[in-house]
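The chain contents come next:
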There are 2 protein chains.
Amino acid sequence: MEIKIAKRAEEISPFYVMELLGRARELESQGRDIIHMEVGEPDFPTPEPIVSAGIEFLESGNVHYTPAAGLPALREKIAGYYASQYGVKISPSRVFITPGASGALLLVLAALLDSGDEVLLSDPGYPCNQNFIQLLDGKSRLIPVEANSNYHLTAELIEKNWRDCTRGVLIASPSNPTGTIIDQAELEKLFSSVRSRNGFLISDEIYHGLTYGESAASALELGDELFVINSFSKQFGMTGWRLGWAVVPEKFTKVAEKLSQNIFIAAATHSQYAALAAFEPETMQEIERRQAVFKERRDFLYGELIKLGFSVPVMPDGAFYIYADCSRFTDNSYQFCMALLEKEGVAVTPGRDFGLVGQSRHIRFAYTTDIKNLAEGVDKIGHFLKSGGK
Amino acid sequence: MEIKIAKRAEEISPFYVMELLGRARELESQGRDIIHMEVGEPDFPTPEPIVSAGIEFLESGNVHYTPAAGLPALREKIAGYYASQYGVKISPSRVFITPGASGALLLVLAALLDSGDEVLLSDPGYPCNQNFIQLLDGKSRLIPVEANSNYHLTAELIEKNWRDCTRGVLIASPSNPTGTIIDQAELEKLFSSVRSRNGFLISDEIYHGLTYGESAASALELGDELFVINSFSKQFGMTGWRLGWAVVPEKFTKVAEKLSQNIFIAAATHSQYAALAAFEPETMQEIERRQAVFKERRDFLYGELIKLGFSVPVMPDGAFYIYADCSRFTDNSYQFCMALLEKEGVAVTPGRDFGLVGQSRHIRFAYTTDIKNLAEGVDKIGHFLKSGGK
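Residues numbered from 1 in each chain as written. Chains lettered and ligands numbered in written order. Predicted model: local features only at pLDDT ≥ 70, side-chain atom pairs only at ≥ 80, totals over all residues.

Regarding the overall build of chain A
Of regular secondary structure, chain A possesses 13 helices and 12 strands. Scaling as 2.2 N^0.38, a compact globule of 390 residues should have a C-alpha radius of gyration of about 21 Å, and chain A matches this with 21 Å. When the backbone C-alpha atoms are referred to their principal axes, chain A occupies close to 60 × 60 × 55 Å. The 390 residues of chain A split such that 55% are buried. Partitioning the intrachain contacts of chain A with sequence separation of at least 6 by distance along the chain shows that 75% fall at a separation of at least 24. (Helix = DSSP H or I, 4+ residues; strand = E, 2+ residues; numbered from the N terminus. Rg over C-alpha atoms; globule rule 2.2 N^0.38 Å. Buried ≥ 20, exposed ≤ 12 C-beta atoms within 10 Å, placed from the backbone. Contact = placed C-beta atoms within 7 Å.)

Things to note about the nonpolar core
With 254 residues, the main nonpolar core has Val108 and Ala246 of chain A together with Val108 and Ala246 of chain B as its most contacted residues. For Val108 of chain B, the contacting residues outside a window of four places in its chain are Ile202, Phe227, Ile229, Ala246 and Val248 of chain B. (Core = buried A, V, L, I, M, F, W, Y, C linked by C-beta atoms within 7 Å.)

Notes on the relation of the copies chain B and chain A
Mapping chain B onto chain A calls for a rotation angle of 180° and an axial translation of 0.0 Å; the resulting RMSD is 0.0 Å. In the structure described here, the two chain copies are related by an operation that fits a two-fold rotation axis. Taken as a fraction of all interface residues of chain B, those also at the interface in chain A reach 100%, which identifies the copy contact as same-surface. (Least-squares fit on C-alpha atoms with pLDDT ≥ 70 in both.)

Things to note about unusual backbone geometry
Between Asn176 of chain A and the following residue, Pro177 of chain A, the backbone shows a cis peptide bond with an omega angle of 20°. When you line up the elements, Pro177 of chain A lands in the loop between strand S5 (166-172) and helix H8 (184-196). Each neighbour pair has its own omega, and for Asp123 of chain B with Pro124 of chain B the value is 10°, a cis peptide bond. Structurally, Pro124 of chain B can be placed in the loop between strand S3 (118-123) and helix H6 (127-135). Of note, Tyr151 of chain A is a non-glycine position whose phi angle comes to about 60°, a positive value. Tracing the sequence through the fold places Tyr151 of chain A in the loop between strand S4 (139-144) and helix H7 (155-161). Overall, the presence of 25 C-beta atoms within 10 Å leaves Tyr151 of chain A in the buried class. Positive phi is not limited to glycine here, since Asp137 of chain B has a value of about 60°. Relative to the helices and strands, Asp137 of chain B resides in the loop between H6 and strand S4 (139-144). By C-beta crowding, Asp137 of chain B is classed as partly exposed, having 18 other C-beta atoms within 10 Å.

Details of the sheet that holds strand S12 (residues 362-366) of chain A
Residues and elements named next belong to chain A. An order of S9-S12-S11 is seen for the three strands of this open sheet, with the pairing classed as antiparallel. The open sheet is flanked by strand S9 (321-325) and strand S11 (349-350), the only strands paired with a single partner. Here five bridges tie S9 to S12, and the two strands are oriented antiparallel to one another. Within the sheet, the bridge partner assigned to Asp325 lies in S12 and is His362. (Pairing = 2+ DSSP bridges.)

Describing the sheet that holds strand S6 (residues 200-204) of chain B
Residues and elements named next belong to chain B. Spatial strand order, S2-S8-S7-S6-S5-S3-S4: seven strands in an open sheet with mixed pairing. Of all the strands in the sheet, the pair left with one neighbour each is strand S2 (95-98) and S4. If you compare each strand with its neighbour and ignore which way they point, the axes differ by 25° on average. One ladder, built from six bridges, connects S3 with S4; its direction is parallel. Residue pairing for S4: Leu120 is matched across the bridge by Arg141. (Axes fitted to C-alpha atoms, helices over the stretch in contact; angles between N-to-C directions.)

Here we look at the domain arrangement of chain A
All names here are of chain A. Entries for chain A in the domain assignment read domain 1 (7-45 + 283-386) and domain 2 (48-280). Look at where the C-alpha atoms of domain 1 and domain 2 centre, and you get two points 25 Å apart. Each partner contributes to the interface: domain 1 provides 34 residues, whereas domain 2 provides 38 residues. Among the elements of the structure, helix H11 (281-308) and S9 are those that each provide at least two residues to the side of domain 1 that touches domain 2. In terms of residue count, the dominant contributor to the side of domain 1 that touches domain 2 is H11 (seven residues). Per-class residue counts for the side of domain 1 that touches domain 2 are 19 nonpolar, seven polar and eight charged. (Domains from an automatic or database assignment. Nonpolar A, V, L, I, M, F, W, Y, C, P; charged D, E, K, R; others polar.)

Quick word on helix H3 (residues 48-60) of chain A
An α-helical turn contains 3.6 residues, so a residue and the one three or four places further along point in the same direction. Taking 1.5 Å as the rise per residue, H3 of chain A with 13 residues should run 18 Å; its terminal C-alpha atoms sit 19 Å apart, in good agreement. Among the residues of H3 of chain A, those classed as buried are Ile50, Val51, Ala53, Gly54, Phe57 and Leu58 of chain A. Viewed along the axis of H3 of chain A, the buried residues span an arc of 160°, placing them on a single side of the element. Seen from the open side of H3 of chain A, the exposed residues pointing more than 90 degrees away from its buried face are Glu59 and Ser60 of chain A. For H3 of chain A, the elements touching its buried residues are helix H10 (269-275) and H11 of chain A together with helix H3 (48-59) of chain B. Remark: Gly61 of chain A follows H3 of chain A within two positions and exhibits a positive phi of approximately 70°. (Expected span 1.5 Å × (residues − 1). Arc of directions from axis to C-beta.)

What to know about the interface of chain B and chain A
Interface size, as often reported, equals the accessible area lost upon joining of the parts. Listed as interface residues are 62 residues of chain B and, on the opposing side, 62 residues of chain A. Those elements that provide at least two residues to the side of chain B that touches chain A are helix H1 (7-10), H3, helix H5 (100-112), H6, helix H9 (253-263) and helix H10 (269-275) of chain B.

Things to note about the confidence of the model for chain A
Averaged over every residue, the pLDDT of chain A is 95; the share at 70 or more is 100%. Both scores are given for the predicted complex: the pTM is 0.97, the ipTM 0.96. (pLDDT = per-residue confidence, 0-100.)

Observations concerning the packing of H5 of chain B against H9 of chain B
Residues and elements named next belong to chain B. Across the interface, H5 lies against H9 with an axial gap of 10 Å and an inter-helix angle of 125°. One way to sum up the angle between H5 and H9 is to call them oblique. Viewed along their axes, H5 and H9 form a crossing whose handedness is right-handed. When H5 is examined against H9, the residues Leu106, Leu107, Ala110 and Ala111 are found in contact with a partner set consisting of Val255, Ala256, Leu259, Ser260 and Ile263. Class assignment for the residues of the contact of H5 with H9 results in eight nonpolar, one polar and no charged. (Parallel < 35°, antiparallel > 145°, perpendicular 65-115°, else oblique. Left-handed = near helix turned anticlockwise from the far one by under 90°.)

A word on helix H12 (residues 333-344) of chain B
All names here are of chain B. The first and last C-alpha atoms of H12 sit 16 Å apart over 12 residues, in line with the 16 Å expected at 1.5 Å per residue. In the core, the buried residues of H12 are packed alongside helix H2 (17-29), strand S10 (346-347), strand S11 (349-350), strand S12 (362-366) and helix H13 (371-386). Once H12 finishes, Gly345 follows within two positions and takes phi at roughly 70°, a positive value.

A few points about the environment of Lys258 of chain B
With respect to the helices and strands, the residue Lys258 of chain B is situated in helix H9. The exposure class assigned to Lys258 of chain B is buried, which follows from the 20 C-beta atoms found within 10 Å. Placed 134 residues apart in sequence, Lys258 of chain B and Pro124 of chain B show a C-alpha to C-alpha distance of 33 Å. Those residues in contact with Lys258 of chain B, other than ones at most four positions away along the chain, are Ile12 and Pro14 of chain A.

A short note on the packing of H12 of chain B against H13 of chain B
All names here are of chain B. Where H12 contacts H13, the axes come no closer than 10 Å and their chain directions differ by 105°. Judged by the angle between their axes, H12 and H13 are roughly perpendicular. On H13, the residues that touch Leu340, Lys343 and Glu344 of H12 are Lys380, Ile381, His383 and Phe384. Classifying every residue of the contact of H12 with H13 by side-chain character gives three nonpolar, one polar and three charged.

Quick notes on the environment of Glu156 of chain A
Residue and element names in this part refer to chain A. Note on placement: Glu156 falls in helix H7. Taking the C-beta count within 10 Å as the criterion, Glu156 has 13 such neighbours and is therefore assigned partly exposed. Taking the C-alpha atoms as reference points, Glu156 and Leu190, separated by 34 residues in sequence, lie 7.8 Å from one another.

This is the structure in structure tokens:
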């Protein structure tokens, strides 16, 4: 007799890009050079001051558990960052250090969702969000968003889609896959609409600090009764360190503490000590330098994709993604991406991973590789298109 | 209007020891010396070869994501460890590296449990286990276990307690809080009883390698169709590194991969590189030395507690805990522990955190501090008892 796999787990969608990546690795092992424009991870190493702080801590050898909510000194530094960066005063007791933003999202959703509770999400959006909700037997309602709202949810869409079982809204800005930033006045209207329905707002801000026009505002500028997810991964080049945080309303600090103790025990201690150096002036200067590099890449890739005939209705002002409409070339972006990999050795992510509506006519390009590689990738895409795009 | 806390989260029980710990910290901040015999974490630093491997990796600065299931080299080393330590051949593809055993348990339970599914657990047992089940809207059925089965579940207890909604059994050996090891012949009967009901067995083996008589056998010696949870935390002195693993049946590798990608992205990269040094001969020698120290402490503390009049019906042969019956002195172990802290400055964990039955007449003593401290603690407990134990 066979042990049964849980329905909850069966229904979690796989990352379709994994199939493409598997094929990319296969080709690489056969000696092919692959240009990677699919990677959702900065190509920069962790900034030197953070690494040094990590090494210095490890040299003590004393890698014991921290308190469940995180190192008090790190919670204070994060609270200080909200003051200096956004002009927002929050108590460090509202900051919970977690294993990545993944941990933060699990923590917040576990504190908010009961079985059958529904969350509104944008389509396109980051696929894991739905899967966390599925893990907790909640329901995701994907709402198609368009260029007219920078590919973000609006108060109007919330009002139109809110149902009895709806409990709240998750937004992510800058967005993965679109790289677009939500307008703060729109966010304010959205927040007030959510609050008037007694709902919750979760604001995923993991791509803050990676913006190429105006800085993104934090949802915390609108009030205290909301949840923010953030991470050291993208902005501070600390992906492999697995360190993120959640900011919760005062009322939720007790339950967040209890959940942290039980689900995580604590985030990794050496990562937390290393992250103490993230907000130092030396690190922040390095982060700014990288931001300038990403901006240059964004400008280059955006220009080239437009020249090639892709359509990008809203300038992506953050993260390191361009979500391009490829309908001029194909009505099946998945096949297009697989063929592009096979023929030209360029890996990009088909829209399929990011939603249901419009996915077959979109591709996500990541500029997590240098301009030389991007230029070579663009050339090869041009060649692919000239030979029919198949 | 207030945002509602999820029922699932409200119902997760807090760690009662936290209140006691809070008071202990308060006393310490007032200048009192506290003897800590409540800590569930080895007092030893991480072994030098592991720390060095971690530092060496960090010096590369290249702390990017690993594959979701973990570094292939580490999965292979763990598979190799099952071969050398237990004589069990498993494919590395069945090993999933996770953020601590906490991550491993979440991964396995998420793959197995749907809402309302019941898991059988021993009372007393580790409290987080129930809380993970609660997080997933499952049900825990706590089954009182006695000295006659080394405080472990038996085939007979499984048969008596199995119901329509029961899906499986979780055992932990050596056990927290009792430190006792399940008899392998009993485990075999239990496993066969579970399998005949088409149920799952999860074997929590995080205290393996911390045994003071015969080594503990792995449940994997009984077959492949079961789940093992393990961790680098206790045996390898890597608590703060947050690194564990799960071994799953072949059928579950796909779903475990999908869940890992979504819930964790991956375990911490630097912790994984460091852990590659865990199975080196130099580290294993250090682990053996520590095992000898723990055994000496166990022998000392066990003897002293018996002399003081506590009752410990089964010799605890593993972990670093003694679960002592204090009914000769009190029928309220929680009050007893609070008074012991207040009067004598000795922190121990009341039974309350570990179950429902018999909790008020039990205390967990941890020997995660050196013999000098243990001796001082024992003296103070003696003094406390002489002055009436209140």
